[in-house]
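# Descriptive analysis of the structure
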Amino acid sequence: MLLIAFYIAIAAEAMTAALAAGRRNMDWFGVCLIACVTALGGGTLRDILLDHYPLVWVENPYLLLLVCGAALLTIPLARLVDRLKWPFLLLDALGLVVFTVIGCNIGMEAGVHPIIVIVAGMVTGTAGGILRDVLCNDIPLIFRGELYATVSMITGTIYFLGLTAGLPDNLMILASVIIGFTLRFLALVFNWEMPKFVYDREMRK
Amino acid sequence: MLLIAFYIAIAAEAMTAALAAGRRNMDWFGVCLIACVTALGGGTLRDILLDHYPLVWVENPYLLLLVCGAALLTIPLARLVDRLKWPFLLLDALGLVVFTVIGCNIGMEAGVHPIIVIVAGMVTGTAGGILRDVLCNDIPLIFRGELYATVSMITGTIYFLGLTAGLPDNLMILASVIIGFTLRFLALVFNWEMPKFVYDREMRK
Amino acid sequence: MLLIAFYIAIAAEAMTAALAAGRRNMDWFGVCLIACVTALGGGTLRDILLDHYPLVWVENPYLLLLVCGAALLTIPLARLVDRLKWPFLLLDALGLVVFTVIGCNIGMEAGVHPIIVIVAGMVTGTAGGILRDVLCNDIPLIFRGELYATVSMITGTIYFLGLTAGLPDNLMILASVIIGFTLRFLALVFNWEMPKFVYDREMRK
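For every chain, the first residue of its written sequence is number 1, and the numbers climb from 1 along that sequence. Lettering of chains starts at A and numbering of ligands starts at 1, both following the order in which they are written. Per-residue local features of the predicted model are confined to residues with pLDDT of at least 70, and side-chain atom pairs are confined, for both listing and counting, to 80 or more; whole-chain, interface and lining totals are unaffected and use all residues. The side-chain figures draw on all heavy atoms in the structure; neither hydrogens nor water molecules are used.

- Per an unreviewed UniProt entry, chain A goes by the name Glycine transporter domain-containing protein and belongs to Devosia elaeis.
- According to UniProt, the comment filed for chain A under the heading Subcellular location (unreviewed entry) is "Cell membrane".
- UniProt positions are given in the numbering used here, feature names are shortened, and annotations may be inferred rather than shown by experiment. For the record of chain A, the UniProt heading Sequence similarities (unreviewed entry) holds the text "Belongs to the UPF0126 family."

Structure (structure tokens):
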């Protein structure tokens, strides 16, 4: 079930990334690249940081075809995808929490410190979007809008604490995904944001 | 022969990268950094993704001297290099196909799936330019101009299929380099481009 | 002693990075991310390039807490930190040379070529600031201001040559840190800069 949610989330991330590429008038290769980086970049960065090889998409290259297929399919369907703003925000929220749980899982398998388990979940959930914004030449968006990385951190913490307390894996996956998803949904509805640090003076010469 | 083409291509990439750094008024260290990232970044990223260590330039650090030397030499010669636009576009095309073939080779040695072999070639051929554009704060150019990543994909596919069909390595290197180079040349002459995905609406709030 | 200087430098890098994030109105998570990337990104990139695992902060995750704590502490203290421009420039200079020496050390342990030892020091000392500028969507600053990467290169070279000549490690740490720090200080006071390569023509079509 987590696997099905994973594939759906990958495809949804690819489609929203394709729209971001389209807004910058990229060609079809650019669309595929941005989609791959967004959908698979978080897990790739996590695996590089944890020295966890082979990478997911190197072991299972059909993921690349899924991502590129979903991205290219977005081109003729752009207006439709546009109208489906809320479904895609929800799929993106699903991706965020599913990626986070998978990332925490891999961190725990690697036997790292609890803090790093949570970080592995957050990197998996959020780094794809950051890399997309870097390639599209934006200041990463996720640190200025509704709760996003926070949702990832809370989801990962609940999942990790539950497993550490000896609760069954399936229950904790379900619980942390539902809680994280709900939290992100509420954040979108009520515009919950992290406090911002607004600072105007130039310090460096 | 591939090795000679490799060194020539490395130097040519370093020189065009130096001009890009010069357009942003970087100092000599910036020129060297941008040159190293452009000329060696593709192979470095490929090796990190495939867990293929030591990196080429860590094993053979004289490559760094070659790159920095070519980049610094570009400074007094900028006007000359400027006038030599076509020779450099051709050297860049040579680099693209040579890097691609080398990348596919390393992918095949690593025993990865055919799709990943092609991807390894494409990363080697194109990622240096993408990293250069990210460091220079541009939206990566290669996804908006004449066929570039496509040439890399076709070159890699021909090379891989030929080897898989049992044809001799030297023949396939020659054939794929010539075909890829010709294709890139024709794309430059006739302005062949990938279709673009132009999309104007904002989807996110 | 090097370790104490290391922690102080990490915290100082985190605080100046937090100000950079504040200038872009990032939220608290963005502040922590930029601080982590700036303070720990250089060492992380070095370790990835040298295949030197586990990463420093994966092995010692309390570093992440130190960095995030220093970054968040900067928020209420921003005006004070602003007024302390010189102390922070000096702490940044300390960080530059300390990170460089540590990076050279790890390079020598890994048994790489002398050129790569110096490069490992430079990556450790300077890459964090470059990554920060990429995430903040700036052209990296360090290649346009007072001597910075040069200081790192000289510091690393002195340290490496001293050790190779058989001088005791502690003496060479002290000597290279003092010389490097003084050099950076003088560069700031007298505005010593590398020559710039200013080039205006567009070469590519």
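### Side note on the environment of Arg 184 of chain A
Residue and element names in this part refer to chain A.
- Here Arg 184 lies in helix α9 (residues 169-190).
- In sequence terms Arg 184 and Ile 48 are 136 residues apart; their C-alpha atoms lie 28 Å from each other.
- It only takes one pair of heavy atoms within 4.5 Å for two residues to be counted as in contact. Excluding its chain neighbours within four sequence positions, the residues that come into contact with Arg 184 are Asp 92, Ala 93, Leu 96, Glu 146, Leu 147, Tyr 148 and Val 151. We count a stretch as a helix when DSSP gives it H or I for four or more residues in a row; a strand needs E for two or more, and each element gets its number in order from the N terminus.

### Details of the interface of chain B and chain C
- Facing 43 residues of chain B, the contacting portion of chain C comprises 36 residues.
- Put simply, buried area is how much 1.4 Å-probe accessible surface two parts lose in total, over both of them, once they are put together. Between chain B and chain C, roughly 3600 Å² of surface is buried when both sides are summed, and carbon and sulfur atoms account for 67% of that area.
- Here, a salt bridge means any side-chain nitrogen of Lys or Arg that lies within 4 Å of a carboxyl oxygen of Asp or Glu. Run the count over chain B and chain C and you get 0 salt bridges.
- Top contributing element to the side of chain B that touches chain C by residue count: helix α2 (residues 28-50) of chain B, with 7 residues.
- Classes in brief: Ala, Val, Leu, Ile, Met, Phe, Trp, Tyr, Cys and Pro nonpolar; Asp, Glu, Lys and Arg charged; the others, Gly included, polar. Counted by class, the side of chain B that touches chain C contains 25 nonpolar, 8 polar and 10 charged residues.

### Some thoughts on the relation of the copies chain A and chain B
- When the copies are superposed, the least-squares fit takes in the C-alpha atoms of residues with a pLDDT of at least 70 in both. Under the fitted operation, chain A is carried onto chain B by 0.0 Å of movement along the axis and a turn of 120 degrees, and the coordinates agree to an RMSD of 0.0 Å. Accordingly, the operation relating the two chain copies is best matched by a three-fold axis. Residue Asn 137 of chain A of chain A places its C-alpha closer to the rotation axis than any other residue of that unit, at 3.8 Å.
- Of all interface residues in chain A, a mere 12% are interface residues in chain B too; the two copies therefore contact each other through different surfaces.

### Points about the UniProt feature "transmembrane region" (unreviewed entry) in chain A
- When the UniProt feature table is mapped to this numbering, "transmembrane region" (unreviewed entry) covers residues 62-81, 88-108, 114-135, 147-167 and 173-194 of chain A.
- The span residues 62-81 of chain A carries 85% helix and 0% strand; its end-to-end C-alpha distance comes to 24 Å.

### Things to note about the UniProt feature "domain: Glycine transporter" (unreviewed entry) in chain A
- Mapped onto the present numbering, the UniProt feature "domain: Glycine transporter" (unreviewed entry) falls at residues 4-75 and 90-161 of chain A.
- This span, residues 4-75 of chain A, is 83% helix and 0% strand, and a straight line between its end C-alpha atoms measures 24 Å.

### Looking at the relation of the copies chain B and chain C
- When chain B is fitted to chain C, the best match, at an RMSD of 0.0 Å, comes from turning it 120 degrees and sliding it 0.0 Å along the axis.
- Here only 12% of the contact residues of chain B are again contact residues in chain C; the copies associate through non-equivalent surfaces.

### Quick notes on the pattern of salt bridges
- One pass over the structure, following the stated rule, counts 9 salt bridges over all chains.
- Residues Glu 193 of chain A and Lys 196 of chain A are paired through a salt bridge, measuring 2.8 Å at the closest nitrogen-oxygen approach.
- Residue Lys 196 of chain A is classed as partly exposed on the basis of its relative accessible area of 31%.
- The closest approach of N and O atoms between Asp 47 of chain B and Arg 46 of chain B, which form a salt bridge, is 3.0 Å.
- Under the relative-accessibility criterion, Arg 46 of chain B is labelled buried at 3%. Exposed residues in this analysis have more than 50% of their type's maximum accessible area, buried residues have under 20%, and partly exposed residues fall in between, with area computed by a 1.4 Å probe over protein chains only.

### A few points about the nonpolar core
- Side-chain atoms within 4.5 Å are what join buried Ala, Val, Leu, Ile, Met, Phe, Trp, Tyr and Cys residues into a set we call a nonpolar core. The biggest cluster of nonpolar side chains holds 210 residues, and the ones touching the most others in it are Trp 57 of chain A, Trp 57 of chain B together with Trp 57 of chain C.
- Residue contacts for Trp 57 of chain A: discarding those within four places in its chain leaves Leu 40, Thr 44, Leu 63 and Leu 64 of chain A together with Leu 49, Ile 116 and Val 119 of chain B.

### Here we look at the interface of chain A and chain B
- Taken together, the 43 residues of chain A in the interface contact 36 residues of chain B.
- Across the chain A/chain B interface, buried area totals approximately 3600 Å², and carbon plus sulfur atoms make up 66% of it.
- There are 0 salt bridges connecting chain A and chain B.
- Polar contacts here mean pairs of N or O atoms no more than 3.5 Å apart (in protein, one a potential hydrogen donor and the other a potential acceptor; neighbouring residues in sequence count only if both atoms are side-chain atoms). Counting every contact that joins chain A to chain B gives 4 residue pairs in polar contact (both at pLDDT 80 or more).
- Where the side of chain A that touches chain B is concerned, the elements lending two or more residues are α1 (2-23), α2 (28-50), α3 (56-59), α4 (62-74), α5 (78-83), α6 (85-109) and α7 (114-135) of chain A.
- Residue contributions to the side of chain A that touches chain B peak at 7 residues, all from α2 of chain A.
- Classifying every residue of the side of chain A that touches chain B by side-chain character gives 25 nonpolar, 8 polar and 10 charged.

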